[in-house]
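Residues per chain are reported as follows:
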Amino acid sequence: MASLRKTHPLQKINKNALVDLSTPSNISVWWNFGSLLGLCLATQILTGPFLAMHYTSDIATAFSSVAHICRDVNYGWRNRNIHAKGESFFVIWVYQHIGPGLYYGYYLNDETWDIGLVLLFMVKGTAFGGYVLPWGQTSFWRATVITNLLSAVLGVTNSLVQWIWDILSVHSATLTRFFAFHFLFPFIIAAATVTHLLFLHETHSNSPLRLNSHAYQISFHPYFAYHDLLGFAALLIALTSLALSTPNLLGDPDNFAASDSLVTPPHIQLQYYCLLAYAILRSIPNKLSGVLVLLASSPVLMVIPLHYTSKQRGLIFRPLTQLLFWALIANVSILTWIGRMPVEHPFIVFGQISSFLYFILFLVLSPLAARLQDKVVISI
């Protein structure tokens, strides 16, 4: 078996990627979220096709087909609850993965960082497409709001929106396109994830202290393999407990009613993981400018590797940049809260101030702090 593991092509890949992979010995639990994201993706891909077998992407039967899955299909309620709650865990873990990346300098590996941000955009888009499929009140109006934003891309005409709708409003063709998009994109995400891992294994994981010497590295198995298995067990227990005991905890009550284009909800809000971008969009009166700033809220993270040119890119030895990091966390929390509030005073003003600070932290304050601390280190 040992010789086969060294000579067989597939076994050699498995050995280099999962067994003998050089890993810093002092990485913490924050490095577990990458593997947890892989488990979330696998859960979504496994449960999704079973739901697609019984789902109909027609506005006349979409809502009732979801009810049919939950009531009549054997274990359909279980698959649907795990799939829906798995989407929430998936997006939460993405943000939990990006946070330590900013703090510990994951962005040192530029290609890995950029592909990860592309994955963030695809995951959020796929999750939104999945939320439209039940075709309840919230699903319908969220689809209407988001697709209407695309009219700002062309400025004058609404031809792009009408192309997505196929007619003059959100209809069956729109729902079919969302369904196809939601079904196909997880496989594209899986391919991009493999590319993400290839770049990561090319440069290896960084450590909290940025010590890349081989003297501080050990093999991935068995030390961190069992560490990841413990994280898998904790995630599966949390996911199944939420899906089986409180399946409606993260749902929107309005989405339990069938869609009605004649009844507009008093307050339309997006999923919690889109509230930050939604708050930024609402803070800008001009539609085109708001959409452009909304689209820039995630790609702005790609400029971070350009700010830190020194070898010490992690924040653990940078107290000023640490302060800015926690200011960013507080600002993101405020924007998420504002995204849930109605569009009225004083939330509009708070949203405008927080949106301005969000981009200033990335584009101005963070690079200034990095250069200032580099000069202090050089002078010492």
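Residues numbered from 1 in each chain as written. Predicted model: local features only at pLDDT ≥ 70, side-chain atom pairs only at ≥ 80, totals over all residues. Heavy atoms only, no water.

## Remarks on the overall build of the protein
Piece 1. Assigned secondary structure in the protein consists of 16 helices and two strands.
Piece 2. Expressed as a percentage of its 380 residues, the buried residues of the protein come to 44%.
Piece 3. Contacts in the protein between residues far apart in sequence, at least 24 positions, make up 77% of those at least 6 positions apart.
Piece 4. Counting only carbon and sulfur atoms, one obtains 70% of the accessible surface of the protein, whose full area is about 20,000 Å². (Helix = DSSP H or I, 4+ residues; strand = E, 2+ residues; numbered from the N terminus. Buried < 20%, exposed > 50% of the residue type's maximum accessible area, 1.4 Å probe, protein only. Contact = heavy atoms within 4.5 Å. Areas by Shrake-Rupley, 256 points an atom, 1.4 Å probe, with all protein chains shown as cover.)

## Thoughts on the environment of threonine 203
Piece 1. Positionally, threonine 203 belongs in helix H10 (residues 172–203).
Piece 2. Among the residues examined, threonine 203 registers a relative accessible area of 40% and is labelled partly exposed.

## Quick look at the packing of helix H5 (residues 76–104) against helix H6 (residues 110–132)
Piece 1. Where H5 contacts H6, the two axes come as close as 11 Å, and the packing angle between them is 155°. One way to sum up the angle between H5 and H6 is to call them roughly antiparallel. With respect to the hand of their crossing, H5 and H6 are arranged in left-handed fashion. Where H5 abuts H6, its residues Glu87, Phe90, Val91, Val94, Tyr95, Ile98, Gly101 and Leu102 lie against Trp113, Leu117, Leu120, Val123, Lys124 and Ala127.
Piece 2. Here the contact of H5 with H6 is built from residues that sort into eleven nonpolar, one polar and two charged. (Axes fitted to C-alpha atoms, helices over the stretch in contact; angles between N-to-C directions. Parallel < 35°, antiparallel > 145°, perpendicular 65-115°, else oblique. Left-handed = near helix turned anticlockwise from the far one by under 90°. Nonpolar A, V, L, I, M, F, W, Y, C, P; charged D, E, K, R; others polar.)

## As for the environment of valine 303
Piece 1. Along the polypeptide, valine 303 turns up in the loop between helix H13 (287–296) and helix H14 (304–307).
Piece 2. Sequence spacing of valine 303 and leucine 363 is 60 residues, and the spatial spacing of their C-alpha atoms is 7.8 Å.

## A word on the environment of tryptophan 135
Piece 1. For tryptophan 135, the location among the structural elements is in the loop between H6 and helix H7 (137–149).
Piece 2. Of the residues examined, tryptophan 135 reaches a relative accessible area of 4% and is grouped as buried.
Piece 3. Considered as a pair, tryptophan 135 and serine 57 are 78 residues apart in the sequence and their alpha carbons are 9.2 Å apart.
Piece 4. Leaving out residues up to four positions away in the same chain, tryptophan 135 has contacts with Ile59, Ala62, Phe63, Phe140, Val170, Leu175, Ala258 and Ser259.
Piece 5. Here the side chain of tryptophan 135 touches serine 259 through a polar contact of 3.0 Å, side chain to side chain. (Polar contact = N/O pair within 3.5 Å; in protein donor to acceptor, adjacent residues only side chain to side chain.)

## Remarks on the packing of aromatic side chains
Piece 1. In total, this model carries 18 aromatic pairs according to the counting rule given.
Piece 2. Relative to tyrosine 104, the ring of tryptophan 31 lies with its centre 5.0 Å away and its plane at 45°, an arrangement referred to as tilted. One end of the pair, tryptophan 31, is in the loop between strand S1 (22–24) and helix H3 (33–52); the other, tyrosine 104, is in helix H5, with 73 residues separating them in the sequence.
Piece 3. Of the residues examined, tryptophan 31 reaches a relative accessible area of 14% and is grouped as buried.
Piece 4. The class for tyrosine 104 is buried, based on a relative accessible area of 15%.
Piece 5. Arranged with centres 6.0 Å apart and planes meeting at 55°, the rings of phenylalanine 183 and phenylalanine 187 form a pair that is tilted. (Phe/Tyr/Trp six-rings, centres within 6.5 Å; stacked < 30°, edge-to-face > 60°.)

## Focus: the UniProt feature "transmembrane region" (unreviewed entry) in the protein
Piece 1. Feature annotation in UniProt places "transmembrane region" (unreviewed entry) on residues 29–52, 88–107, 113–133, 145–165, 177–199, 220–244, 320–339 and 345–365, given in this structure's numbering.
Piece 2. Helix and strand shares over residues 220–244 are 88% and 0% respectively, and the end C-alpha atoms of the span are 34 Å apart.
Piece 3. Along residues 345–365, the helical share is 90% and the strand share 0%, with 28 Å between the first and last C-alpha atoms. (UniProt positions renumbered as here; feature names shortened; annotations may be inferred.)

## Concerning unusual backbone geometry
Piece 1. In this structure, the amide linkage connecting histidine 345 to the following residue, proline 346, adopts the cis form with an omega of 5°.
Piece 2. With respect to the helices and strands, proline 346 occurs in the loop between helix H15 (319–340) and helix H16 (347–379).
Piece 3. The residue tyrosine 75 is not glycine, and still its phi comes out positive at about 60°.
Piece 4. Mapped onto the elements, tyrosine 75 comes out in the loop between helix H4 (62–71) and H5.

## Looking at helix H11 (residues 223–245)
Piece 1. The first and last C-alpha atoms of H11 sit 34 Å apart over 23 residues, in line with the 33 Å expected at 1.5 Å per residue.
Piece 2. Of the positions making up H11, those classed as buried are Phe224, Ala225, Asp228, Gly231, Leu235, Leu239, Leu242 and Ala243.
Piece 3. Check the buried side of H11 and you find it contacts S1, H3, H5 and strand S2 (217–219). (Expected span 1.5 Å × (residues − 1).)

## Things to note about a nonpolar patch on the surface
Piece 1. Taken together, the side chains of Ile334, Trp337, Val349, Phe350, Ile353, Phe356 and Leu357 define a hydrophobic patch exposed on the protein surface, amounting to about 650 Å² of accessible area.
Piece 2. Elements that contribute at least two residues to the nonpolar patch include exactly H15 and H16.
Piece 3. Top contributing element to the nonpolar patch by residue count: H16, with five residues.
Piece 4. Taking relative accessible area as the criterion, phenylalanine 350 reaches 40% and is therefore assigned partly exposed. (Patch = residues over 30% accessible without salt bridge, like charges linked within 9 Å, V, L, I, M, F, W, Y side chains within 5 Å. Salt bridge = Lys/Arg side-chain N within 4 Å of Asp/Glu carboxyl O.)

## Quick word on H7
Piece 1. Spanning 13 residues, H7 covers 19 Å between terminal C-alpha atoms, matching the ideal 18 Å at 1.5 Å per step.
Piece 2. Of all 13 residues in H7, ten are buried; the element is thus mostly enclosed.

## Comments concerning the nonpolar core
Piece 1. One finds Trp93, Ile98, Leu102, Trp113, Leu301 and Tyr358 to be the most contacted residues of the largest nonpolar core, which totals 63 residues.
Piece 2. Looking at this core, the element that brings in the most residues is H5, giving ten residues.
Piece 3. Both domain 1 (22–205 + 216–264) and domain 2 (270–379) contribute no fewer than three residues apiece to this core.
Piece 4. Not counting residues within four places of it along the chain, the set of residues in contact with tyrosine 358 comprises Leu276, Ile280, Ser297, Val300, Leu328, Asn331, Val332 and Leu335.
Piece 5. Membership of the second largest hydrophobic core comes to 16 residues, among which are Ala62, Phe140, Trp141 and Phe178. (Core = buried A, V, L, I, M, F, W, Y, C linked by side-chain atoms within 4.5 Å. Domains from an automatic or database assignment.)

## Some points on the packing of H3 against H10
Piece 1. Here H3 crosses H10 at 155°, and the two axes come no closer than 11 Å. Here H3 lies roughly antiparallel to H10, going by the angle between them. Crossing angle aside, the handedness with which H3 passes H10 is left-handed. Every residue of H10 that contacts H3 at Leu41, Ile45, Pro49 and Ala52 is listed here: Phe179, Phe183, Pro186, Phe187, Ile189, Ala190 and Thr193.
Piece 2. Here the contact of H3 with H10 is composed, by residue class, of ten nonpolar, one polar and no charged.

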